[in-house]
Amino acid sequence: MKKILILGAGTAGTMMANHLNKKIDKKEWSITVIDQYKNHYYQPGFLFIPFGIYSEKDVIKEKKKFIPKGVEFIQSAIEIIEADKNQVKLENNSVIKYDVLIIATGSKIVPQEIEGLLDDGWRKNIFDFYTIEGSTALRDKFKDWKGGKLVVHLAEMPIKCPVAPLEFLFLSDWFFTKKGIRKNVDITYVTPLGSAFTKPRAASVLGHMLDDKNIKIVPNFNISHVDSKNNKIVSLDDKEVEYDLLVTIPTNMGDEVIERSGLGDELNFVPTDKHTLQSKEYENIFVIGDATDIPASKAGSVAHFEGEILTDNILNFINNKPLEKKFDGHANCYIESGYNKAFLIDFNYDVEPVEGTFPLPVVGPFSLLKETRINHLGKMAFKHIYWNLLLKGIPIPGIPPHMTTKGKKLN
Amino acid sequence: MTEKMLADFTVNVNEEGYLTDPSQWNKEIAVALAKEVGIEELTEAHWKVIEFLQKEVKENGKLPTIRRINKVGGIPTKELYQLFPDGPLAKAAKIAGLSKPASCI
């Protein structure tokens, strides 16, 4: 019996288990999934928790529920991937051999990477919203916060869900307006990039949004450290920004097991062919989702589109057929903007987010790069789609893995 | 996208003056672009950064981060800031004929 081993039962790994389980010849192949955690999180929902829109019950389910029958699930930490020996060692030192390895170990925030971030202020007046612990702690803080300087800070790229900081800003503006204390809340966005919207088409359509919502921006700010005694963040070139409440998106990195196994770059992301999703170093290792170093967004939609293509390529690989260079970097993201409205963007390696309609030309129903109520309904419906279709590897009708230019205004 | 003269060469640039066709880049154009961002002279240390960025984009299809320029390129971040003050990645990328550091939107 040969083995396909999947490391990680997050969005990408769970989808791959479901895809392959339907397509693989079970007489010849077995599938095993390893993950250290019991719970699966609907991570796009973390954004809504601080504002009381979602709670824990919306975003947490057991991982096991989504692993299909016939696929083995092992809950264990992974000690090391020994790629030269085609094996993985678990924390109890047991060894699992594989013929094909799929790395889906994701990415996560690493607050330790920023000096001072975990000092006195952490979870007192410094929060993240990329973890269940962070987003629920921030919800509790927001409940009785009377206002002051709210600084939303992005440490460095790449991050999971690159639009989340903007969504957080827009939702904050709405949340404090509804509460009637917006005049007491000074909102500032601090980013290492040159502006909030960095792509030309998005910048020309949406560039005024921060101004309209009275959100200030400090661009080109690369953080050196947090001075939590004096409540300020300091940049590498000694710029300072004061805060009363700091909401930060710390450095994002791949899992430590990638570093221990010598398979990653300086951020523990695995060098991966951006079209085939094969590891650049080992031909029987494939990488999917946030764990790769490819220049696509780290987002669930990307993992979803990759999943369909990677399934074909794994079948090609085990049948000794050439891999198809098919992944185009396709991403599809809602951007929640408050007041029950949202934007939608759909793009790939070559086509930046533009205006238009999605998925169908003219009739949509969703509008690209435009704020609508229907986009917001799409975003809210997505939780159901995620738990019931996406994770189970069921294709979403009308949305193929490749980006289409139909309905897009390209010029 | 517009055409522009830089060091006697006609090049295509975007609205922020970044080259849109990396094949049009050469060292004389780099010197002219450096002046645009307030760097009067490109020293050997500047060229080391520029060449590292170009190599990375060619090999990986993306601009390296400041962290990677330090860890893989061997250029200390303090030095990077001295060479390209204020927004080092944006400035160095512009001079190297590459796209600016960007997010997905």
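About the cut-offs
Residues numbered from 1 in each chain as written. Chains lettered and ligands numbered in written order. Predicted model: local features only at pLDDT ≥ 70, side-chain atom pairs only at ≥ 80, totals over all residues. Heavy atoms only, no water. Core = buried A, V, L, I, M, F, W, Y, C linked by side-chain atoms within 4.5 Å. Buried < 20%, exposed > 50% of the residue type's maximum accessible area, 1.4 Å probe, protein only. Contact = heavy atoms within 4.5 Å. Phe/Tyr/Trp six-rings, centres within 6.5 Å; stacked < 30°, edge-to-face > 60°. Helix = DSSP H or I, 4+ residues; strand = E, 2+ residues; numbered from the N terminus. UniProt positions renumbered as here; feature names shortened; annotations may be inferred. Expected span 1.5 Å × (residues − 1). Axes fitted to C-alpha atoms, helices over the stretch in contact; angles between N-to-C directions. Parallel < 35°, antiparallel > 145°, perpendicular 65-115°, else oblique. Left-handed = near helix turned anticlockwise from the far one by under 90°. Nonpolar A, V, L, I, M, F, W, Y, C, P; charged D, E, K, R; others polar. Buried area = accessible area lost by both parts, 1.4 Å probe. Salt bridge = Lys/Arg side-chain N within 4 Å of Asp/Glu carboxyl O. Domains from an automatic or database assignment.

### Considering the nonpolar core
Side chains of a nonpolar character, in soluble globular proteins, are inclined to be buried together. Ranked by internal contacts, the top residues of the largest apolar core, which has 97 residues, are I4 of chain A together with I105 of chain B. Other than its neighbours up to four places away in sequence, I105 of chain B contacts V163, L166, A196, F197, T198, K199, A202, L206, I335, I345, P353 and L369 of chain A. Counting residues in each nonpolar core, the second largest holds 32 residues, with I66, I75, L89 and A92 of chain B among its members.

### Details of the packing of aromatic side chains
Residue and element names in this part refer to chain A. For the structure on display, the rule yields 20 aromatic pairs over all chains. Between F129 and Y130, the aromatic rings sit 5.2 Å apart at their centres with planes inclined by 65°, giving edge-to-face as the arrangement. Each of the two residues, F129 as well as Y130, counts as buried. For the pair F129 and F168, a centre-to-centre distance of 4.5 Å together with 20° between the ring planes defines the contact as stacked. On the criterion of sequence distance, the pair formed by F129 in the loop between β11 (126–127) and α3 (132–143) and F168 in helix α4 (residues 164–179) is long-range, its members being 39 residues apart. A relative accessible area of 2% means that F129 is categorised as buried. According to the relative accessible area criterion, F168 is buried, its value standing at 0%. By way of ring pairs, the aromatic residues F51, F129, Y130, F142, W145, F168, F175 and F176 are connected into one cluster.

### Comments concerning the UniProt feature "domain: FAD/NAD(P)-binding" (unreviewed entry) in chain A
Cross-referencing UniProt, the feature "domain: FAD/NAD(P)-binding" (unreviewed entry) maps to residues 3–144 of chain A in the present numbering. In the segment residues 3–144 of chain A, helix accounts for 20% and strand for 30%; the C-alpha atoms at its two ends are 53 Å apart.

### Quick look at α3 of chain A
Residues and elements named next belong to chain A. Between its first and last C-alpha, α3 extends 17 Å over twelve residues, near the 16 Å set by a 1.5 Å rise per residue. Turning to α3, its buried residues number three or more, namely I132, G134, S135, T136, A137, L138, R139 and F142. Those residues of α3 that are buried are in contact with β3 (39–41), α2 (56–59), β4 (60–62), β11, α4 and β18 (245–249).

### Remarks on the packing of α3 of chain A against α4 of chain A
Residues and elements named next belong to chain A. The geometry of α3 relative to α4 is characterised by a closest axis approach of 12 Å and an angle of 30° between their N-to-C directions. As far as their axial angle goes, α4 and α3 are roughly parallel. The handedness of the crossing between α3 and α4 is right-handed. Across the interface between the two elements, L138, F142 and K143 of α3 pack against F168, F175, F176 and K179 of α4. Looking at the contact of α3 with α4 residue by residue, the classes come out as five nonpolar, no polar and two charged.

### Re the interface of chain A and chain B
Taken together, the contact between chain A and chain B spans 34 residues of the former and 21 residues of the latter. Contact with chain B buries area across many residues of chain A, yet T198, L236 and E266 of chain A alone supply 26% of it, more than any other trio. For the interface between chain A and chain B, the tally reads four salt bridges. The salt bridge involving E113 of chain A is made with R67 of chain B; its shortest N-O contact spans 2.8 Å. Elements with a contribution of two residues or more to the side of chain A that touches chain B: α5 (200–206) and β22 (341–347) of chain A.

### Looking at the packing of helix α2 (residues 44–60) of chain B against helix α5 (residues 88–95) of chain B
Residues and elements named next belong to chain B. Direction vectors running N to C along α2 and α5 enclose 80°, while the axes themselves pass 9 Å from each other. One finds that α2 runs roughly perpendicular with respect to α5. Between α2 and α5, the residues in contact are V49, I50 and L53 and L89, A92, A93 and I95, respectively. Classifying every residue of the contact of α2 with α5 gives seven nonpolar, no polar and no charged.

### Notes on the domain arrangement of chain A
How large an interface is tends to be reported as the accessible area lost when its parts come together. Residues and elements named next belong to chain A. Parsing chain A into structural domains produces domain 1 (2–106 + 255–318), domain 2 (111–249) and domain 3 (331–390). Relative to domain 2, the C-alpha centre of domain 1 lies at a distance of 31 Å. The interface of domain 1 with domain 2 comprises 18 residues on the first partner and 21 residues on the second. Summed over both partners, the interface of domain 1 with domain 2 comes to about 1,600 Å²; 72% of that surface belongs to carbon and sulfur atoms. The largest share of the area that domain 1 buries against domain 2 comes from L47, P50 and F51, three residues that together contribute 39% of it. Across the domain 1-domain 2 interface, the total number found is two salt bridges.

### Some points on the UniProt feature "active site" (unreviewed entry) in chain B
Here, the residues flagged by UniProt with the feature "active site" (unreviewed entry) are C104 of chain B. Residue position: C104 of chain B is located in the segment after α5. Overall, the relative accessible area of 8% leaves C104 of chain B in the buried class. For C104 of chain B, the contacting residues outside a window of four places in its chain are P162, V163, K199, S297, I345, F347 and P353 of chain A.

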